[in-house]
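A closer look at the structure
Here's the letter readout for the chains.
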Amino acid sequence: QVQLVESGGGLVQTGGSLRLSCAASGSIASITSMGWHRQAPGNQRELVATIARGGASTYADSVKGRFTISRDNAKNTVYLQMNSLKREDTAVYYCAVRVNWGTYWGQGTQVTVSS
């Protein structure tokens, strides 16, 4: 079992920044990759960014150049630095942790970008 605690969401104006954090506990030695997904109202959940244990990262095209994912293996925490936020970034953001037997999800944190 892996437990995830997310923090850092909120309300921000267009062009602003937010940083999301997700701390993992439990069977952390089994974690292979960590990442963030998001779901806007009426839309399917989509991948935002992932980072492997060794540091290799991937991003959705819509966030490349604006978002940065990072990982502190000592703290078992993954971060998502979001800059130059747009209204279309408004969504519930979910932390996801992949282990050998499946994926664990955080409870979600709301990010709202206003004009």
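1. Considering the pattern of salt bridges
Scanning the model with the defined rule gives four salt bridges in all. Two residues, R38 and E46, come together in a salt bridge whose shortest N-O distance is 2.7 Å. The partner of R66 in a salt bridge is D89, and the shortest N-O contact between them spans 2.7 Å. Of this pair, R66 sits in the loop between strand 6 (57–59) and strand 7 (67–72) while D89 is found in the loop between strand 8 (77–82) and strand 9 (91–99), placing the two residues 23 residues apart along the sequence. Of the two residues, R66 and D89, neither departs from the other in class, the shared state being buried. Members of the salt-bridge network, linked through shared partners, are R38, E46, R66 and D89.

2. A few points about the environment of I69
With respect to the helices, strands and loops of the structure, I69 is situated in strand 7. The spacing of I69 and S25 is 44 residues in sequence and 19 Å in space, taken between C-alpha atoms. Apart from residues lying up to four places away in sequence, I69 is in contact with M34, G35, W36, A49, T50, I51, S57, Y59, V78, Y79 and L80.

3. Brief notes about the state of the cysteines
A full pass over the atoms with the stated rule returns one disulfide. Disulfide pairing is shown between C22 and C95; the S-S distance is 2.1 Å. Handedness here is read from the sign of the S-S torsion; for C22 and C95, about -80°, the answer is left-handed. Residue C22 is found in strand 3 (residues 18–26), and its partner C95 is found in strand 9; the two are separated by 73 residues along the sequence. Exposure class is identical for C22 and C95. Each is buried.

Quick notes on the rules
- Residues numbered from 1 in each chain as written.
- Predicted model: local features only at pLDDT ≥ 70, side-chain atom pairs only at ≥ 80, totals over all residues.
- Heavy atoms only, no water.
- Salt bridge = Lys/Arg side-chain N within 4 Å of Asp/Glu carboxyl O.
- Helix = DSSP H or I, 4+ residues; strand = E, 2+ residues; numbered from the N terminus.
- Buried < 20%, exposed > 50% of the residue type's maximum accessible area, 1.4 Å probe, protein only.
- Contact = heavy atoms within 4.5 Å.
- Disulfide = S-S within 2.5 Å.

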